[in-house]
Amino acid sequence: MAIKVGGTTVIDDSRALNNITSVDATTVAALGTAGVGGGGGSFDAVASGSIAAGKPVILNSSGTISEVTTTAGFGGRKNREVYTRGYEFSGVYDPEYDLLVVPYIRDDNSDRLQGQVLFFDSPNDTLDTKSYFQISDSACNNLHTAYDPVEKTFVFIWTEGSTGYYTTAQMQSNGTLTFSTTHGNHSTFSQQMGNNQMVSYYNTDTSKLVFMYRKYSGSYSGSIYYIVGTCSGNSISFGTQAGASLTNTIGVGSYWPTAVTYDESQNKALYCFRNASQSNKLYAMVGTASSSTSTTMTWTTPVELDGNEGTAIDVLYDPESQKNLVIYTNAYYRVLTLSGNSISIGTRGQWYSAGSQTEGKIVFNKATQELNIAGKIANSPRLTSGSISGTTFSASGNTTFTGSDPQNVKLAYADSTARLWVVWTNADSGDRIDSSLTITATNNAGGGNFVGVSSEAIASGATGEVVTLGGVNEAVSGLTVNTRYYVDVGGNLNASASDTLIGRAVAQNKIIITGGA
């Protein structure tokens, strides 16, 4: 029976707390005496696998405890047409509202720049359109999109003829974008970029965006340049463009011959490119911000990664192994380890063993702690999951997503739902832009498995304490008072509702365990 105070339910029929702004130790003890939470206690158990402090844990059939684990599955692959004909598009995820922003250039003789905001439709297990937007009515080219996760700002850069433009936008709660410039009246991006070869990364140390591109014309035409952007609300300011490498040129005439990532373990950028001045071989160089506030950088002399031609390049930092994975021609990969400005190059392998690769993109799946790679192998769209050990990438699974002859493959990973979105041009259907959900993830916290939250770090095989129903765990941090927390798909505390309730925060570093399933 629910318990009410002043007509308001404070403990519901499931024994979960409601409408309580704070709970002190005396109240917790009284709740335990009243039979809520079975006394509000804890118990000691042996850990199967190491357990970090403040982590949701499950009880195993052997009586041991483990962190909640996540399993990825290939499935839910329901294609959706985003636009009839389009190219040069991006797929950028908005983590605040769990939406996918897909800008594209129309391939219908107008070449105008527009896009859609997509959301995951749970009942139908597919992607649907939340809103539409249009940026330019003119013939556009060289589209690039970046996202500042702190300022929550999208940056769009493109060209109209020989003139570059940019605008910024921020997502609203109703799923529409508010742009910083009026339609058709955009800010001029005066740098000379060309051939759709701009890439960018977000520097978590300086809180700035860094854009890399091939200079289009003038002195040092074809050389590698960079410019640093600083977002402030719904705006961006740029530093001065500078050459990252004036003696090495990016390959001209092909798409996606460059890629960049930010190695958080070293606070360095790793830029990989096809070196047109060295027989189109795969090269890389390391970039360092001059200071946390500066818009200038220093770059190392490029080094050869592979003697083969570098096409279909992508590179990504793996926070699990603290190494970088670069993929390129023929589904090749190498594991690159940074130590300061030095690059240790692993032995070449293949992330997919059959056929040549002409597309390839990588994302890090936080829920499964794996790397997900999508690309076109032997004219078919493939998806691989795997992880790095030493200098080897080992695949844990492969699948083919629906369709054929994909081009311009893009990936976006949704943190809150652990879903992987793939967007591509379907060349077999008149260059139609398609999207698909290809990886979903589940955890083992449900079905009564969740028993509490660890109150300390516990080594595998060691005994440690777990705070259970009715108890208060103080090994947590960063919580919002009077907010319910759940087990998210990655096995962590999250304010987004899921099937497994943990409890309610009574302080920034305290949570009372109130429920399970």
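Refer to the structure printed above.
None of these values were measured; they are calculated from a predicted model. (Residues numbered from 1 in each chain as written. Predicted model: local features only at pLDDT ≥ 70, side-chain atom pairs only at ≥ 80, totals over all residues. Heavy atoms only, no water.)

**Student:** What should I look at first to understand the sheet that holds strand β33 (residues 361-365) in this one?
**Tutor:** Pairing within the open sheet is antiparallel, and its four strands lie in the order β33-β34-β35-β36. The open sheet has two edge strands, β33 and β36 (392-400), and neither has a second partner. Shown here is a sheet whose adjacent strand axes are inclined to one another by a mean of 25°, direction ignored. By the bridge criterion, eight bridges tie strand β35 (residues 380-389) to β36 in an arrangement that is antiparallel. Residue leucine 383 lies in a different strand from β36, and its bridge partner there is threonine 399. (Pairing = 2+ DSSP bridges. Helix = DSSP H or I, 4+ residues; strand = E, 2+ residues; numbered from the N terminus. Axes fitted to C-alpha atoms, helices over the stretch in contact; angles between N-to-C directions.)

**Student:** Please explain the environment of aspartate 488 as it appears in this structure.
**Tutor:** Within the secondary structure layout, aspartate 488 lies in the loop between β43 (484-487) and β44 (493-494). Aspartate 488 sits in the buried class, given a relative accessible area of 15%. Not counting chain neighbours up to four residues away, the residues in contact with aspartate 488 comprise Asn443, Leu493 and Asn494. (Buried < 20%, exposed > 50% of the residue type's maximum accessible area, 1.4 Å probe, protein only. Contact = heavy atoms within 4.5 Å.)

**Student:** Would you take a moment to explain the environment of tyrosine 220 for this structure?
**Tutor:** On the secondary structure map, tyrosine 220 appears in the loop between β19 (208-214) and β20 (223-231). Among the residues examined, tyrosine 220 registers a relative accessible area of 47% and is labelled partly exposed. Taking the C-alpha atoms as reference points, tyrosine 220 and asparagine 248, 28 residues apart in sequence, are found 9.7 Å from one another. In contact with tyrosine 220, not counting residues within four places along its chain, are Lys215, Tyr225 and Leu246.

**Student:** Got a minute to help me understand the side chain of serine 136 in this structure?
**Tutor:** For serine 136, the location among the structural elements is in strand β12 (residues 126-136). Note on serine 136: relative accessible area 2%, which makes it buried. A polar atom in the side chain of serine 136 sits 3.2 Å from the backbone nitrogen of serine 138. (Polar contact = N/O pair within 3.5 Å; in protein donor to acceptor, adjacent residues only side chain to side chain.)

**Student:** What is the right way to read the pattern of salt bridges from this model?
**Tutor:** Side-chain pairs of opposite charge can arise where the charged atoms are in close proximity. Within the structure shown, the criterion is met by four salt bridges. Notably, a salt bridge pairs arginine 334 with aspartate 306, separated by 3.0 Å at the nearest N-O pair. With arginine 334 in strand β30 (residues 332-339) and aspartate 306 in strand β27 (residues 303-309), the pair connects residues that are 28 residues apart, well separated along the chain. For the pair formed by arginine 334 and aspartate 306, the shared burial category is buried. Here aspartate 306 and arginine 348 are joined by a salt bridge, their closest N and O atoms 3.3 Å apart. Of this pair, aspartate 306 sits in strand β27 while arginine 348 is found in the loop between β31 (342-345) and β32 (349-350), placing the two residues 42 residues apart along the sequence. Take aspartate 306: its relative accessible area is 2%, and that puts it in the buried class. Several salt bridges converge on common partners, so that one network encompasses Asp306, Arg334 and Arg348. (Salt bridge = Lys/Arg side-chain N within 4 Å of Asp/Glu carboxyl O.)

**Student:** Please clarify how the pairing of strand β28 (residues 314-318) should be interpreted in this entry.
**Tutor:** On a regular strand, one side chain projects to one face of the sheet and the next to the other, so that they alternate. Most of β28 is tucked away, with five of its five residues classed as buried. Alternating positions in β28 separate into two faces, Asp314, Leu316 and Asp318 on one and Val315 and Tyr317 on the other, with burial throughout. Pairing analysis gives five bridges linking β28 to strand β29 (residues 323-328), with the strands arranged antiparallel. Along β29, the bridge assignment pairs tyrosine 317 with asparagine 324. Between β28 and the antiparallel strand that follows it, β29, lie four residues; glutamine 322 among them carries a positive phi value of about 60°.

**Student:** Explanation requested: unusual backbone geometry in the structure shown.
**Tutor:** Most peptide bonds take the trans configuration, and most residues that are not glycine carry a negative phi. Not every positive phi belongs to a glycine, and lysine 152 is a case in point at roughly 60°. As for its position among the elements, lysine 152 is in the loop between β13 (141-148) and β14 (153-160).

**Student:** Help me understand the sheet that holds strand β3 (residues 42-46) in this model?
**Tutor:** Strand pairing in a sheet is mediated by backbone hydrogen bonds. Such pairs are either parallel or antiparallel. Spatially, β3-β41-β40-β4-β5 is the arrangement adopted by the five strands of the open sheet, whose pairing is antiparallel. Of all strands in the sheet, those bounded by a partner on one side alone are β3 and β5 (65-67). For this sheet the average axis-to-axis angle between neighbouring strands, irrespective of direction, equals 45°. With five bridges joining them, β3 and strand β41 (residues 463-467) adopt antiparallel strand pairing. Looking across to β41, one finds that phenylalanine 43 is bridged to valine 466.

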